[in-house]
Structure formats: C-alpha cells, structure tokens
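Residue strings, one per chain:
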Amino acid sequence: MSPGRRTRQLAVLLALMTLAAVAAGPARAAYQATVDANVSAFTFDCIKVNDTYPSKMRAAALAGFRNLGFTTTSYSGAVFTRAHVLARTAADWGYYVHSHGDHYWNPDGRQYAGFKEDAGLCTGAKTVFSKEIAAARGTQKSNLVIMSTCHLGESVTTMPGAFGIAKVKAATGAWAGPNFYLGYLGSAWDSDEFTFETRFWSALGPGLGVGEAFDEARLGSFNAGFAANWYGSYDWTGRAGPLPTGCTKCL
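If you're wondering where the values come from, they're calculated on a predicted model, not measured in any experiment.

1. A short note on unusual backbone geometry
The backbone of Lys-48 shows a phi angle near 60°, a positive value even though the residue is not glycine. Not every positive phi belongs to a glycine, and His-151 is a case in point at roughly 75°. Tracing the sequence through the fold places His-151 in the loop between strand E7 (144–148) and helix H6 (159–162).

2. Considerations on the packing of helix H3 (residues 53–67) against helix H7 (residues 190–204)
Contact geometry for H3 and H7: axes closest at 10 Å, N-to-C directions at 15°. The angle between H3 and H7 places the two elements in the roughly parallel class. Considering only the axes of H3 and H7, their crossing is left-handed. Residues Tyr-53, Pro-54, Lys-56, Met-57, Ala-60, Ala-61, Gly-64 and Phe-65 of H3 touch H7, and the partners they reach there are Asp-190, Ser-191, Glu-193, Phe-194, Glu-197, Thr-198 and Trp-201. In terms of residue class, the contact of H3 with H7 is built from eight nonpolar, three polar and four charged.

3. Concerning H3
Between its first and last C-alpha, H3 extends 21 Å over 15 residues, near the 21 Å set by a 1.5 Å rise per residue. For H3, the elements touching its buried residues are strand E1 (32–37), strand E2 (71–76), strand E3 (92–98), E7 and H7. Of the residues flanking the end of H3, it is Gly-69, one or two places downstream, whose phi is positive at about 100°.

4. Some words on the packing of aromatic side chains
Aromatic ring pairs are defined here through the distance separating the ring centres and the angle between the ring planes. If you walk through the whole model with that rule in mind, you get 19 aromatic pairs. Taking 4.8 Å as the distance between ring centres and 80° as the angle between the ring planes, the aromatic pair formed by Tyr-31 and Trp-93 counts as edge-to-face. Remark: Trp-93 occurs in strand E3 and Tyr-31 occurs in the loop between helix H1 (3–24) and E1; sequence separation between them is 62 residues. Centre to centre, the rings of Phe-65 and Trp-201 are 5.4 Å apart; their planes meet at 55°, and the pair counts as tilted. Of this pair, Phe-65 sits in helix H3 while Trp-201 sits in helix H7, placing them 136 residues apart in sequence. By relative accessible area, Trp-201 is classed as buried at 10%. Three or more aromatic residues joined by ring pairs make a cluster, and in this case those are Phe-65, Phe-70, Phe-180, Tyr-184, Phe-196, Phe-200, Trp-201, Phe-214, Phe-222, Phe-226, Trp-230 and Tyr-234. The ring of Phe-194 is capped by Lys-56, whose NZ or CZ atom sits 5.8 Å from the centre of that ring. Over the aromatic face of Tyr-104 sits the side chain of Lys-116, whose NZ or CZ is 4.8 Å from the ring centroid.

Here is what the cut-offs are and how they apply
- Residues numbered from 1 in each chain as written.
- Predicted model: local features only at pLDDT ≥ 70, side-chain atom pairs only at ≥ 80, totals over all residues.
- Heavy atoms only, no water.
- Helix = DSSP H or I, 4+ residues; strand = E, 2+ residues; numbered from the N terminus.
- Axes fitted to C-alpha atoms, helices over the stretch in contact; angles between N-to-C directions.
- Parallel < 35°, antiparallel > 145°, perpendicular 65-115°, else oblique.
- Left-handed = near helix turned anticlockwise from the far one by under 90°.
- Contact = heavy atoms within 4.5 Å.
- Nonpolar A, V, L, I, M, F, W, Y, C, P; charged D, E, K, R; others polar.
- Expected span 1.5 Å × (residues − 1).
- Phe/Tyr/Trp six-rings, centres within 6.5 Å; stacked < 30°, edge-to-face > 60°.
- Buried < 20%, exposed > 50% of the residue type's maximum accessible area, 1.4 Å probe, protein only.
- Lys NZ or Arg CZ within 6 Å of the ring centre and 35° of its normal.

Here is the structure:
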C-alpha cells in the first residue's frame, strides 16, 4: 500500500471517528444527577389505590437525565432517605424527586418548601426542607431540577433558591444561566405529572430547549386545575455542565 493511500485512509478513519464522537455528545461523567422516587407512600397499603406512576416517572427521569449527559443514579424505597438526599446534594448538577411536597413548618418556627423522604414508610417520614438543601449544596451549581410533587412550583416556593436557581423567567433571547426549575401548582395527580413529564422528556430528546419542551408538555390532556411552572433560562438546551454566559445553544 502506498504511503499516500494509507494516509488518505487514516484521514477518512479519523474523520469517521470524530463524527461518531460528536453524534454521541461529549462525555460528562463529572456531572452527577440524582433521581429519587417515593414508592412506599404510594402503595395500596398506604393510599388504598394501586399507584404505579411513581416507578414509571422514576424510569422516565432516569433516562431523561442520562440522555442529557448527566451521570445519573436513581433511588427509591428504604434507601431514599433525608440523609441520602443531603449527602448527594453537594455534588448534584441535576435533581429529580417524586414524593409528597408542600410548605412545611420547620423546627425554627418558619415554613419552607419541602418534600417527604421514602424510607419505606407510609407515614412518619422525615421532611427534606429547602433550607437544608441550600446548606448542603454550598456553592455547587445546579442545571436541571424537577420537583414532581404538589405545591413546589408555586410562586412562594423556596425550593429553586435552595438549588441556586433564581426565580426569574429568562424568556427567548434572555439568559439566566444553564439552569431550569420545574414544579407543579396546587395538588397534582400522579397521572397528570406522568403525562406532562413523559412529554417533556420526549420533547427534549429531539433537541428542543427546556422552555420549548415545557410548552410542548403542556399540550397534553389533564385533569381540571392541573398547572406547571418553571424558572430559569427558556432557551437552554438542558445539557449537563457549566456553560459560558449566553451560550444558549452549546452542546
């Protein structure tokens, strides 16, 4: 084989390898995400209804975060505890939880947004408060946070700030950083949350930004009163990691 032909073949091979690497997306092993799902409090023994949605939403969120480049691990049952959440918070770039959520009274005499751990319990589970998440997070940045609970998307919620996400809506053309917070208003049915979230993850898959995916998800059919809310950058792609200011379409 002539040196020239070998050189051309090597060049073609290198080009194909480069294309494959680009198609797969950059490696983001450093960007941890956690998916927590409370399944114990939603069993028939606890609520007298066979609710299969928590496990389905857990699987969808796990796949969704991984598709965005996060190194994602999921927890449910007895291992999903308050201590577990706070231990992982310091390294989480992404976080998803399905559980009971509300604005709970803290021992300091104030109300904070929070959600219940699983811990294998129907009742008596500990609350994970937003103030605890904020303390555990420290300076860790947050990309994508989804509170699949009741109430934690309301305007009074303290949960976005706990993850370092400002309660602003940077619409098309604006920029609030590579972050997005999603939550629900009032009491939300699991079936509605599942419909919304599966549409959200599916829309992100083809490459829509998080805001566009949110709008796409709202086109579903829901029970009366269902509503979702967001804060962050509408144009952000959803990909894991820190991005330069204004880099809305960075991969």
